[in-house]
Amino acid sequence: MELREIFQIIKKRFNIIVLVTLAAISITAVFSFIILDDVYETYTTLMVSKTSEGGRTVDIQYNDILLNQKLVKTYSTIASSNKVVDQVIQDLEIDEDPEDVKKKLNVTSVGDTEIIKISVQDKDREFAVDLANATANVFMDVVVETMKMDNVQVIDEAKIPERPVKPRKMLNVAISGVLGVMLGLGIVFLYEYLDNTIKTPEDVEKYLGVPVLGTIPKIGK
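Note that the structure is predicted; figures quoted are calculated from it, not measured. (Residues numbered from 1 in each chain as written. Predicted model: local features only at pLDDT ≥ 70, side-chain atom pairs only at ≥ 80, totals over all residues. Heavy atoms only, no water.)

### Concerning the pattern of salt bridges
Okay, so step 1: Scanning the model with the defined rule gives eight salt bridges in all.
Okay, so step 2: Two residues, E145 and K83, come together in a salt bridge whose shortest N-O distance is 3.5 Å. Taken together, the residues E145 in helix α6 (residues 125-147) and K83 in helix α4 (residues 82-92) connect sequence positions 62 residues apart.
Okay, so step 3: Where K104 meets E96, a salt bridge forms, and the shortest distance between an N and an O atom there is 2.9 Å.
Okay, so step 4: Via salt bridges that share partners, K12, R13 and E192 belong to a single interconnected network. (Salt bridge = Lys/Arg side-chain N within 4 Å of Asp/Glu carboxyl O. Helix = DSSP H or I, 4+ residues; strand = E, 2+ residues; numbered from the N terminus.)

Shown next, in the form of structure tokens:
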């Protein structure tokens, strides 16, 4: 198929492409703006650091920093453990399954630093703040209790987010528009591929191998 033929097919079936694209955009817009609930995200950060020893301030050595960085991964696992989550559910009086609460939590280490980030996503922005801060507080208590260490400090407490992080409405609509165009093109070219009728003088010469002596033009009313 030549490039000229491709453009002719697109031009001839352009209305199908437009309809498919508009349908995709409309469906996505309805889901994004009406059906799907807004999801908010907030986070709190904690720092693993050696600040005191026996009640007195000590100088931080390079080996202490390396040790703290290694402890971050251990602490991240503890922060999302059943022990922490069960205590948070009890403190906040949450009527949810622990596994469902865990899905809302995301505990990560920030690069190669001594910082732990506890993120929470939920439809209720105020509940997300309470869950993030409660998890941080319970986590610090569990670290002291289980590891006999008090080297975790809160840097930033969770704050009420102003805008939702999901769904990304305009991005979804834009993506659906692109996909709609691609789907429309696919339908058009599939239709042309399955259509084996002869429509133009060029088709006669191409598929039948005989010259065209004349054509009868289509005359309007």
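Back to the text.
### Points about α4
Okay, so step 1: All of the buried residues along α4 are V84, V85, V88 and I89. Projection of α4 onto a plane perpendicular to its axis shows the buried side chains occupying an angular sector of 135 degrees, all on one side.
Okay, so step 2: E93 sits one or two positions beyond α4 and adopts a positive phi of about 55 degrees. (Buried < 20%, exposed > 50% of the residue type's maximum accessible area, 1.4 Å probe, protein only. Arc of directions from axis to C-beta.)

### Observations concerning helix α2 (residues 14-35)
Okay, so step 1: Helix length check: α2, at 22 residues, gives a terminal C-alpha distance of 31 Å against a target of 32 Å (1.5 Å per residue), a fit within 8%.
Okay, so step 2: For α2, the full list of buried residues reads I17, V20, T21, T28 and S32. Here the buried residues of α2 occupy an arc of 95 degrees about the axis, which is enough to place them on one side. For α2, exposure combined with an orientation more than 90 degrees from the buried face picks out L19, I27 and I34.
Okay, so step 3: In this fold, the buried residues of α2 make contact with α1 (3-12) and α7 (169-194). (Expected span 1.5 Å × (residues − 1). Contact = heavy atoms within 4.5 Å.)

### A closer look at the nonpolar core
Okay, so step 1: Formed by 31 residues in total, the largest nonpolar core has its most connected members in Y75, I116, I118, L131, F139 and V152.
Okay, so step 2: For this core, the element with the most residues is α6, which contributes 12 residues.
Okay, so step 3: Excluding residues within four positions of it along the chain, V152 makes contact with L46, M47, V48, Y75, F139, M140 and V143. (Core = buried A, V, L, I, M, F, W, Y, C linked by side-chain atoms within 4.5 Å.)

### Digging into the confidence of the model for the protein chain
Okay, so step 1: Per-residue confidence for the protein chain gives a mean pLDDT of 85, with 89% of residues at or over 70.
Okay, so step 2: By mean pLDDT, strand β3 (residues 56-57) is the weakest element of the protein chain at 44, and α2 is the strongest at 94.
Okay, so step 3: Counting interchain partners and residues more than four positions distant, the pLDDT-below-50 stretch residues 51-60 has 11 contacts. (pLDDT = per-residue confidence, 0-100.)

### Regarding the packing of α1 against α7
Okay, so step 1: Interhelical geometry of α1 versus α7 gives an angle of 110 degrees and a closest axis separation of 10 Å. Here α1 lies roughly perpendicular to α7, going by the angle between them. Between α1 and α7, the residues in contact are I6, I9, I10 and K12 and L185, V188, F189 and E192, respectively.
Okay, so step 2: Here the contact of α1 with α7 is composed, by residue class, of six nonpolar, no polar and two charged. (Axes fitted to C-alpha atoms, helices over the stretch in contact; angles between N-to-C directions. Parallel < 35°, antiparallel > 145°, perpendicular 65-115°, else oblique. Nonpolar A, V, L, I, M, F, W, Y, C, P; charged D, E, K, R; others polar.)

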